[in-house]
Amino acid sequence: MTENITPQQYEVLKLRTGQEIVGMTRNTTTGVHITLPMMCHLTVQSPRKDTLATFYPYAPMSQDATIVIPNNMIAHRNKMNEQFIPFYDSASAEWMQMLDEGKVPLINNLSTSNESRPIGFKQHMDRVVQA
């Protein structure tokens, strides 16, 4: 069975959970496929009243560039305001490049006060249990 696919478009999806996801969407029989899904946080910058748009990945630990949201999980959907598209494109392209190259800048500072190097979860839990 072939799926009925509409052309990709930039959309904002409001989920029944209250989350908003932005990305390139495609309708299929299994739900809405979202390529490079991201979330956006808007912050007003004082004193000029500029608005900072910060885009971040919806599922940052996933290697997949596309997710499927079942239709019954979507409260509503709208086309993305064109003013935001260049910012989304830039953030999603940068994120995809980091994933492709395996160079997501990660840090982990689960260290005790007398150590400055990051340690793994198992080592941290071993120290907690021994204390």
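Our subject in this report is the structure included herewith. (Residues numbered from 1 in each chain as written. Predicted model: local features only at pLDDT ≥ 70, side-chain atom pairs only at ≥ 80, totals over all residues. Heavy atoms only, no water.)

**So, the packing of aromatic side chains**
Okay, step 1: For the coordinates displayed, the defined rule picks out two aromatic pairs.
Okay, step 2: Aromatic pair tyrosine 10 and tyrosine 88: ring centres 5.8 Å apart, planes at 85 degrees, arrangement edge-to-face. Taken as a pair, tyrosine 10 in strand 1 (residues 9–15) and tyrosine 88 in helix 1 (residues 85–101) lie far apart in primary sequence, 78 residues in all.
Okay, step 3: Looking at tyrosine 10, the relative accessible area reads 24%, which means it is partly exposed.
Okay, step 4: Taken together, a centroid distance of 6.2 Å and an interplanar angle of 70 degrees make the contact between phenylalanine 55 and tyrosine 88 edge-to-face. Taken together, the residues phenylalanine 55 in strand 4 (residues 50–57) and tyrosine 88 in helix 1 connect sequence positions 33 residues apart. For the pair phenylalanine 55 and tyrosine 88, a shared accessibility class is recorded, and that class is buried. (Phe/Tyr/Trp six-rings, centres within 6.5 Å; stacked < 30°, edge-to-face > 60°. Helix = DSSP H or I, 4+ residues; strand = E, 2+ residues; numbered from the N terminus. Buried < 20%, exposed > 50% of the residue type's maximum accessible area, 1.4 Å probe, protein only.)

**A closer look at unusual backbone geometry**
Okay, step 1: The peptide bond linking serine 46 to proline 47 adopts the cis configuration, its omega dihedral lying at 0 degrees.
Okay, step 2: Relative to the assigned elements, proline 47 resides in the loop between strand 3 (31–45) and strand 4.
Okay, step 3: At leucine 36, a position not held by glycine, the phi torsion is positive, near 50 degrees.
Okay, step 4: Along the chain, the position of leucine 36 falls in strand 3.
Okay, step 5: Of note, lysine 49 is a non-glycine position whose phi angle comes to about 65 degrees, a positive value.
Okay, step 6: Following the sequence through the fold, lysine 49 ends up in the loop between strand 3 and strand 4.

**Let's talk about the pairing of strand 3**
Okay, step 1: Judged from the six bridges that link them, strand 2 (residues 20–28) and strand 3 form a sheet pairing that is antiparallel. For methionine 24, the partnering residue across the bridge sits in strand 3 and is threonine 35.
Okay, step 2: Where strand 2 folds back on strand 3, the antiparallel hairpin that results is connected by two residues.
Okay, step 3: As defined by bridge partners, strand 3 adjoins strand 5 (residues 66–69) across four bridges and the pair is classed as antiparallel. Of the residues in strand 5, the one forming a bridge with valine 32 is isoleucine 69.
Okay, step 4: As paired strands, strand 3 and strand 4 are joined by eight bridges and run antiparallel to one another. Bridge pairing in strand 4 links cysteine 40 to phenylalanine 55.
Okay, step 5: Two successive antiparallel strands, strand 3 and strand 4, enclose a turn made up of four residues, where lysine 49 displays a positive phi of approximately 65 degrees. (Pairing = 2+ DSSP bridges.)

**As for the side chain of serine 92**
Okay, step 1: The residue serine 92 is located in helix 1 in this model.
Okay, step 2: Given a relative accessible area of 4%, serine 92 falls into the buried group.
Okay, step 3: Sequence-distant contacts of serine 92, that is, excluding residues within four places in its chain, are made with Leu36 and Met38. (Contact = heavy atoms within 4.5 Å.)

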